[in-house]
Amino acid sequence: MKRILLIRFSALGDVAMLAPVVREVAKANPDVEFTVLSRPMCEPLFEGLGENVKFRGADVKHGEYHSLKGLYKLFRELHQEHYDIICDMHDVLRTKVLRKLFRLHGYEVHKINKHRELRKIITAQGDRKQLRQLPTSFENYIEALPLSPPEGGGHNAFVNEGRGAIGIAPFAAHQGKIYPLEKMEEVVKNLNANPNVNIIYLLSAPGKERELMREWAGKYPNVRLAADECKDLREELRLMKTLNVMLTMDSANMHLASLVGTRVISVWGATHPYAGFLGWGQSSEDCIQRDDLPCRPCSIYGNKPCLRGDMACMQIAPSAIAERVISCIAPD
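### Observations regarding the side chain of asparagine 192
And step 1. Mapped onto the secondary structure, asparagine 192 falls in helix 6 (residues 181-193).
And step 2. Classification of asparagine 192 by relative accessible area gives buried; the value is 13%.
And step 3. Among the polar contacts made by the side chain of asparagine 192, one reaches the main-chain amide nitrogen of asparagine 222 at a distance of 2.9 Å.

### Quick word on the pairing of strand 4 (residues 85-88)
And step 1. Neither face of strand 4 is left uncovered, since the one carrying Ile85 and Cys87 and the one carrying Ile86 and Asp88 both have all their residues buried.
And step 2. Relative to strand 5 (residues 108-111), strand 4 is paired through four bridges, and the arrangement is parallel. When the sheet's bridge partners are listed, isoleucine 85 is paired in strand 5 with glutamate 108.
And step 3. You can see the chain leave strand 4, run along helix 3 (residues 93-104) and come back into strand 5, and the turn it takes is right-handed.

### Here's the deal with the packing of helix 2 (residues 67-79) against helix 3
And step 1. Put simply, helix 2 and helix 3 touch, their axes get as near as 10 Å, and they point 45° apart. Judged on the interaxial angle alone, helix 3 and helix 2 are oblique. Of the two possible hands of crossing, helix 2 and helix 3 adopt the one that is right-handed. Contacts between helix 2 and helix 3 involve Leu68, Leu71, Tyr72, Leu74, Phe75 and Leu78 on the former and, on the latter, Arg94, Val97, Leu98, Leu101 and Phe102.
And step 2. Within the contact of helix 2 with helix 3, the residues separate by chemical class into 10 nonpolar, no polar and one charged.

### Some details on the sheet that holds strand 11 (residues 287-288)
And step 1. With parallel pairing, six strands are arranged side by side in an open sheet as 8-7-6-9-10-11. Only two strands of the sheet have a single partner each, and these edge strands are strand 8 (223-225) and strand 11.
And step 2. Here three bridges tie strand 7 (residues 199-202) to strand 8, and the two strands are oriented parallel to one another. In the strand pairing of strand 8, isoleucine 200 is matched with valine 223.
And step 3. Running over the sheet, helix 9 (residues 252-259) touches strand 6 (165-169), strand 9 (245-249) and strand 10 (263-267) and is turned about 155° from strand 9.

### Focus on a positive patch on the surface
And step 1. On the surface, Lys96, Lys100, Arg103 and Lys111 cluster together into a positively charged patch.
And step 2. Counting through the fold element by element, arginine 103 comes out in helix 3.

### What to know about the sheet that holds strand 2 (residues 32-38)
And step 1. Taken together, five strands build an open sheet; the order of strands is 3-2-1-4-5 and the sheet is parallel. Of all the strands in the sheet, just strand 3 (53-57) and strand 5 have a single pairing partner and so form its edges. Strand-to-strand twist in this sheet, taken as the mean axis angle between neighbours without regard to direction, amounts to 20°.
And step 2. As paired elements, strand 1 (residues 2-7) and strand 4 share four bridges and run parallel to each other. Looking across to strand 4, one finds that isoleucine 7 is bridged to aspartate 88.

### Description of the nonpolar core
Among soluble globular proteins, nonpolar side chains are generally buried collectively.
And step 1. Of all hydrophobic cores here, the largest spans 57 residues; its most connected members are Ile4, Leu6, Leu45 and Phe46.
And step 2. With 10 residues, the single largest contributor to this core is helix 1 (residues 12-28).
And step 3. Those residues in contact with leucine 6 that lie beyond four places of it in its chain are Leu18, Val22, Phe34, Thr35, Val36, Leu37, Cys87, Met89 and Leu145.
And step 4. The next biggest cluster of nonpolar side chains, apart from the first, holds 36 residues, and it includes Tyr179, Val188, Leu293 and Ile329.

Reading guide: rules and limits
- Counting restarts for each chain, with residues numbered from 1 along the sequence as it is written.
- A pLDDT threshold of at least 70 governs which residues receive local features in this predicted model, and a stricter bar of 80 or more applies before side-chain atom pairs are shown or counted, although totals over entire chains, interfaces and linings include all residues.
- Processing note: side-chain calculations cover all non-hydrogen atoms of the structure and skip hydrogens and water entirely.
- The numbering of helices and of strands both runs from the N terminus, where a helix is a DSSP run of H or I of at least 4 residues and a strand a run of E of at least 2.
- Partly exposed describes any residue whose relative accessible area lies between the buried limit of under 20% and the exposed limit of over 50%, with all areas from a 1.4 Å probe on protein chains only and scaled to the type maximum.
- Polar contact is the term for a pair of N or O atoms within 3.5 Å; when the atoms are in protein, one must be able to donate a hydrogen and the other to accept it, and sequence-neighboring residues count only if both atoms are side-chain atoms.
- A pair of strands counts as paired when DSSP detects no fewer than two bridges linking them.
- Crossover handedness is defined by viewing with both strands directed away from the observer: a clockwise path from the first strand over the helix to the second marks the crossover as right-handed.
- Axis lines are fitted through C-alpha atoms, for helices just across the contact stretch, and the angle between N-to-C directions can take any value from 0 to 180 degrees.
- Any angle between 65 and 115 degrees counts as roughly perpendicular, while under 35 counts as roughly parallel, over 145 as roughly antiparallel, and the rest as oblique.
- Note on convention: near helix rotated counterclockwise from far helix by under a right angle means a left-handed crossing. Clockwise means right-handed.
- Should any heavy atoms of two residues lie within 4.5 Å, those residues are counted as being in contact.
- Polarity classes work like this: nonpolar for Ala, Val, Leu, Ile, Met, Phe, Trp, Tyr, Cys and Pro, charged for Asp, Glu, Lys and Arg, and polar for all others, with Gly in that last group.
- Put simply, a patch holds well-exposed residues, over 30% relative accessible area, that have no salt bridge, with like charges counted together within 9 Å and Val, Leu, Ile, Met, Phe, Trp or Tyr side chains within 5 Å.
- Where accessible areas are quoted, they stem from the Shrake-Rupley method and a 1.4 Å probe; at the residue level, only the protein chains shown are allowed to cover.
- Throughout this description, the term salt bridge denotes a Lys or Arg side-chain nitrogen within 4 Å of a carboxyl oxygen of Asp or Glu.
- A positive count includes Lys and Arg, and a negative count includes Asp and Glu. His and the chain ends are not counted in either.
- Each charge is placed at NZ for Lys, CZ for Arg, CG for Asp and CD for Glu.
- The criterion is simple. A nonpolar core is a set of buried Ala, Val, Leu, Ile, Met, Phe, Trp, Tyr and Cys residues joined through side-chain atoms within 4.5 Å.

In structure tokens form, the structure reads like this:
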């Protein structure tokens, strides 16, 4: 059996986007074994994807694999595992080092094309901007694999079973992707008061984020903290799978919900779905965004200061967001 190693560290959302691609490609190539090399915490994302899908955890930011010496140690271990093909799905300094070592030892090596030049075009300002759909991250991952692409894929069949269960993940890695929290509380308040909503789960990271979510849960009777019922990522994924719909930012939670086949209503501010990061199987019709601002998108990741200084891209009425979410669960 041919063995392929796929390397992707970094952000949880980016690794989550790799998972459905691995699932579909592994299904289309049952005679190939796929091993994903990533951060240990990402292992639940690749469970149950197929008998020919394996996971190999390695923390390259801490511990034994940190530093150049640590990367060489990791390479020597991987070299003993006898892979046939190496696919760098990250293309950053650490993976470039590993890629170079594999090439020097005669491996067949492939790497992702992130289309960085095209990204500059859609985030440019003025006459230089060309707002158009770029290849998605999923397409970039598939292109980096030396295999025939899977047929179809990228579509979820969302089923409304009338449970009235909603998940809300109001945070993201960068401020340019976060809907103002005072407005998000208004969304929560509106949803809590709707008779079609039975329960709302709030998802957040530990710390100040979770403290604020606990305050909201104390104010509204139908609101719960997901962290009170889920001890780890594996259990969060199980919870997401039971929801009718998730409300998220352009964030990792959008991709986690997409992985388990849950419909996502996503709010976009400084970033744009055209950059290629819309969740697997999700529809652009479920993206809430302002199309009247020529400055959007101003960045790919939402990590740059607002050019206008007023975050106009996030000036979206809470009632409009709540109504969009309710439309996913209300009886026809």
